[in-house]
Amino acid sequence: MQSIGKPTGSLSQQSDGNSVHLDVAQLEEKAHLRNSVRTTRTLQDHLKRETLPSADNYHPHFMKIGSRATLAELHLGETYDKKDEDLGPEKVTGGVKFGWIQGVLIRCLLNIWGVMLFLRLSWVVGEAGIGQAILIILLATVVTSITTLSMSAISTNGQIKGGGTYYMISRSLGPEFGGAIGIIFALANAMGIALHTVGFCEALSDMLEDYWGVQIVDGGLNDIRIIGSITLVVLGMIVSIGMEWEAKAQLLFFGILLVALTNFITGSILGPSGIDEVSKGFVGYNAEIITANFYSDYRVFDGFQQNFFSVFAIFFPAATGILAGANISGDLKNPSTAIPRGTLLAIILTSSSYILFAVIAGATVLRDATGNPANYSENGTVSDYMKLCLDEDCEWGLQNSYQVMTLVSAFGPLNYLGCFAATLSSALACFVSAPKIFQALCNDRIFPYLHVFGKGYGKNNEPLRAYGLAFLIALACILIANLNTIAPLITNCYLASYGLVNLSTFHVDLFKPVGWRPTFRYYNKWLSLLGFALSVAAMFLCSWPTALVTSALVFTFFFIVRYRKPDVNWGSSTQVQVYKTALTNAQQFCNIDDHTKTYTPQILVMTGLPNMRPSLVDFAYLLCKNNSLMVCGDVLKERQSHNDRSYRIRKSLQWLRAHKTKAFYSLVDNLSFANGVGALLQATGIGKMKPNILLLGYQSAWRTSNNEEIESYFVAINMALEMSVAVTILRVQEGLDYEGIIGDYDIENSASKKQNAKGVDNPSFTDSPDGSLSSKPFVISGSIDTGLTGESVENGKPKQPNEISLSGDAISAAQKKHMKKSRVMFKDPQGNELSADVQNTICRFRMKQKRGTIDVWWLYDDGGLSMLLPHILTTRSNWANSKLRVFCLADANEEQNHKKESMRLLLSKFRILVSDVVVIPDLTETPSPQTKAWFDALTHEFVRKDDDSSIQNCNAPVIKESELIAEKPKTFNFMRLRELLLQHSTQANLIVMTLPIPQKGTVSGPLYMSWLETLTANMPPFLLVRGNHTSVLTFYS
């Protein structure tokens, strides 16, 4: 390319080998930035409304008040009034926060090293032997370890709050399982208070009798009840003071416990101090004892033949302390880190120690001993000692005495202190855990009437009321005063909790939502599933009656929550499952060929705002309920902002949900009605889950509408037919649009004021004895020969149908009572209750219909939809008393009986029950003069001569004379049909008739609407149906 010279005052740049010439003189004439200087401002000033990434923007509190700029603010320049002052800062609970050692590790160690270690481990070894005792410990460890891995995965998938296990399960599996296990787990912890308190009482009672020979009452159950009640009061006072005092007490107990465990190990090494200890079974380490005690020796204990799983059930509460740290998750500094680290380390330490102590007990103590020193000598052998109890009952030894650890310890009283520390610390942990879990459950309000227990007091938000409830439950269990009775009950509750923790992790990892990103990686969904299976199996193997009761309670609470449908959204894995299942099914459904037997009516019903056309919504739902897809369509001519669209969608969906209508809502804007209907028909749905029927409300005011409105309605019908979509039109004489008659739906008040209704399927706004509709929308008098009924011609114009009156008759006391019991109440825009007649009219399709008929005028074969829809109606309980009566056409010279029988045979093959078949042979007769006069009055305002200049460039709807004459045969048919309808169907509960099809290009909108008016005016509820001429009925199975 030839180069361009650079004259003075010009700039030249090279770009991709091409010279670009810039004339500075020309640039000086325009605005430029060459000499501009950037002013010194802060970064935020430069960013304008943009927001830098920050943790605050993702905090739930700030997300609500909108700290991040919205898209509308940036794109449209809108200003958004943030309500920081109204909402106020988030309430942060004050008080002490614990690290992973004090908050989780020490708390878990104290809870696991509990009553079972000091009072039942030796008995477990005596019954199961050293080998099976280790197996029991390992089995419990496997269940708790897998559960801890699952719990660690959940707890590291984002921040967790107070509520521990309940919080994790409810946020993972949803409120149904969360609420159920929250109740069960809180109950288990409350009973755990009693378990450890009774253990403390047993040890204290034994110490008083051994050292001082003191008995309060009988040295048995009554002593335990008295000591336990006093101890429970003291524990309640400690936890009521606050978590700080409880934490200090736990540290003291932990120190005593470590000394006591060391004392036990030391005593086993030192051996028995004298013949007195030998007589009670402690002989020191001996290979013969190890051999004898290695195998099991299950006996009858407490009237029950023990076995591996019954012993496991008694021991398992020893392993349940793994959740002691998680249960106070709200009081931890960093729960996501503290819970897995502290819990896993506690399991390793305690499992190792339990195995060690089991081996020590089995290697040093006889199963049976007399306790009489005279029977033992320093030169005796173990085999000699074992023979002493073959012929007599012995009170000492592994299987007879619970004080083996005290016997073996170097200093016995110190072991009692350790036992006291272990039992009281575990009781304190349970006393803290149960109310905390219950408080979180109550504050979520997923169960009725329980929120009163969720109230917190003081800087630590202590649940004093929940403490009182836990106190009462624990006191009731303490009165049982039997450790072996309480333990299996708690075992089942804990196993159920562990099972659901594992199920939560398996479920969420199976569906893998995008938000599932736990930082703890050492888990596996199949391992979690194994943990769930082991937990459930252990429940039933330990005690199947108790397992059945526990399972029944879980599912009872589950269905209570599911029935109540609490208004919570926690992003649980069940939501992900619903989405992925729906997506998979929709994709699979696309690969299935259509079949007549599987046809279902999927309806797009043009409701606008559903709350303003409740009757139309109700009628559509009658056809779709529990069977098929229903979409409420809304078309707006004006462009809507995002906020306006969102509010309208939210209001409509909430109204549908409040009225128990399972339907979708779809909104399009900036379109005419016809184009909007077309857009909805094309874009609504996914795959084959899309509307195949268009349901329109009849345009009652078409005679007073301009040509554009009539044409838009008419085009919408034609557009649906062109898309091979069935068209149905519903007309009731009072109209379907109640805008201005009923008040708008207030979503704010509705959200805060929950309806107590169970449902809205069968409200009963009735004031007639038979429960039928009391209002009278039409009146039939006279005959077809003397004049048209219900409407008369005055001055060449038909009378308009009556408008709905807001001033109904006085409502009787019985009627008021009926309406109060009703689950649907509509009010006027001022908030006043509407009259009974208006209420009845609005709810006509929700009410029990009177005994009568659905008259089906099956005029033309449209594929069978004209018969299928009324048949579906008769399957609904509200329409069960309405029998199908079918009308069909026949030539005048055709044998009527033959036509009737052939129609009956056809319907029987379709398996549709009808009460009667009526053959109409005289459709081709000329209509009466009165009917023709009525039609002429109807169309008088619209008929124009073809050469009338006034119709040129005019927006008024017109019917040209040539069109009227050309379509005279069809028009006469519709007139005649009107006469037949008035003759046969004025008392029907519903009339269903095949919809006339307007031939495109030959029939105008006003003439077509005149035909529809002729058929439906002054009639009972009227449904016009035109299928897409594809069969929806079949003979074959």
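The rules behind these values
- Residues numbered from 1 in each chain as written.
- Predicted model: local features only at pLDDT ≥ 70, side-chain atom pairs only at ≥ 80, totals over all residues.
- Heavy atoms only, no water.
- Helix = DSSP H or I, 4+ residues; strand = E, 2+ residues; numbered from the N terminus.
- Contact = heavy atoms within 4.5 Å.
- Areas by Shrake-Rupley, 256 points an atom, 1.4 Å probe, with all protein chains shown as cover.
- Core = buried A, V, L, I, M, F, W, Y, C linked by side-chain atoms within 4.5 Å.
- Buried < 20%, exposed > 50% of the residue type's maximum accessible area, 1.4 Å probe, protein only.
- Patch = residues over 30% accessible without salt bridge, like charges linked within 9 Å, V, L, I, M, F, W, Y side chains within 5 Å.
- Salt bridge = Lys/Arg side-chain N within 4 Å of Asp/Glu carboxyl O.
- Lys, Arg positive; Asp, Glu negative; His and termini not counted.
- Charge placed at Lys NZ, Arg CZ, Asp CG, Glu CD.
- Phe/Tyr/Trp six-rings, centres within 6.5 Å; stacked < 30°, edge-to-face > 60°.
- Lys NZ or Arg CZ within 6 Å of the ring centre and 35° of its normal.
- pLDDT = per-residue confidence, 0-100.
- Pairing = 2+ DSSP bridges.
- Axes fitted to C-alpha atoms, helices over the stretch in contact; angles between N-to-C directions.
- Parallel < 35°, antiparallel > 145°, perpendicular 65-115°, else oblique.
- Left-handed = near helix turned anticlockwise from the far one by under 90°.

As named in an unreviewed UniProt entry, the protein chain is Solute carrier family 12 member 6, taken from Daphnia magna.

### Looking at the overall build of the protein chain
When helices and strands are counted, the protein chain shows 37 helices and 18 strands. Considering only contacts in the protein chain between residues 6 or more positions apart, those separated by 24 or more positions represent 80%. Carbon and sulfur atoms make up 56% of the accessible area of the protein chain, which amounts to about 48600 Å² in all.

### Notes on the nonpolar core
In terms of nonpolar packing, the biggest core is built from 150 residues, with L117, F118, F315 and Y354 touching the most fellow members. With 19 residues, the top contributor of residues to this core is helix α10 (residues 175–212). When neighbours within four sequence positions are excluded, F118 is seen to be in contact with L257, A260, L261, Y402, M405, N415, G418, C419 and A422. Core analysis: the second largest hydrophobic core is formed by 66 residues, L609, L865, V914 and L990 among them.

### What about a negative patch on the surface?
On the surface, a cluster of negative charge is contributed by D391, E392, D393 and E395. Note that E395 resides in the loop between α17 (382–387) and α18 (404–408).

### Here's the deal with the packing of aromatic side chains
Taken as a whole and assessed by the stated rule, the structure comprises 27 aromatic pairs. Residues F200 and F420 carry aromatic rings whose centres are separated by 5.0 Å and whose planes lie at 70° to one another, so their mutual orientation is edge-to-face. With F200 in helix α10 and F420 in helix α19 (residues 412–444), this pair connects stretches of sequence that are 220 residues apart. In this structure F200 comes out as buried when scored by relative accessible area, which is 9%. Geometrically, the ring pair formed by F558 and F559 is edge-to-face, given 5.2 Å between the ring centres and 90° between the ring planes. Three or more aromatic residues joined by ring pairs form one cluster here, namely F185, F312, F316, Y494 and Y498. Note that R120 overlies the ring of Y402, its terminal NZ or CZ placed 3.6 Å from the centroid. Here K909 stacks its cationic end above the ring of F1035, 5.1 Å away from the centre of that ring.

### Digging into the confidence of the model for the protein chain
Any residue range with low pLDDT should be treated as having predicted coordinates unsuitable for detailed reading. In the predicted model, the protein chain carries a mean pLDDT of 80, and the fraction of residues at 70 or more is 82%. Under a pLDDT of 50 for its full length, residues 83–94 has, in the predicted model, 12 contacts with residues more than four places off or in other chains. Between residues 754–823, whose pLDDT stays under 50, and residues either more than four places distant or in other chains, the model counts 132 contacts.

### With respect to the sheet that holds strand β7 (residues 664–669)
Pairing is mixed in the open sheet, where 10 strands are placed in the order β7-β6-β5-β8-β9-β18-β17-β12-β13-β14. Edge positions in the sheet fall to β7 and β14 (916–920), since each has one partner strand and no second. Direction aside, neighbouring strands of the sheet carry axes that sit 20° apart on average. Of the pairings in the sheet, the one linking strand β13 (residues 882–889) to β14 comprises five bridges and is parallel in character. By the bridge assignment for β14, C888 is matched with V919. Lying on the sheet, helix α37 (residues 1005–1016) is in contact with β9 (726–731), β17 (990–994) and β18 (1022–1026); it crosses β18 at an angle near 130°.

### Some thoughts on the pairing of strand β8 (residues 693–697)
Along β8, five of the five residues are buried, which leaves the element largely enclosed by surrounding structure. Of the two faces of β8, both are covered, the one formed by I693, L695 and G697 as well as the one formed by L694 and L696. Summarising the sheet, strand β5 (residues 603–606) and β8 pair through three bridges and their orientation is parallel. Within β8, the position partnered with L604 by the bridge is L694.

### Let's talk about the environment of T926
Within the secondary structure, T926 is located in the loop between β14 and α34 (929–939). Given the relative accessible area of 56%, T926 is considered exposed. Taking the C-alpha atoms as reference points, T926 and N973, 47 residues apart in sequence, are found 8.4 Å from one another.

### As for the packing of helix α8 (residues 121–155) against helix α21 (residues 483–511)
It is at 9 Å that the axes of α8 and α21 come closest, and there the two elements cross at 50°. Regarding the angle of α8 to α21, the classification is oblique. Crossing of α8 over α21 shows left-handed handedness. Between α8 and α21, the contacting residues are V143, T144, I146, T147, S150, M151, A153 and I154 on the first element and L495, Y498, V501, N502, S504 and T505 on the second.

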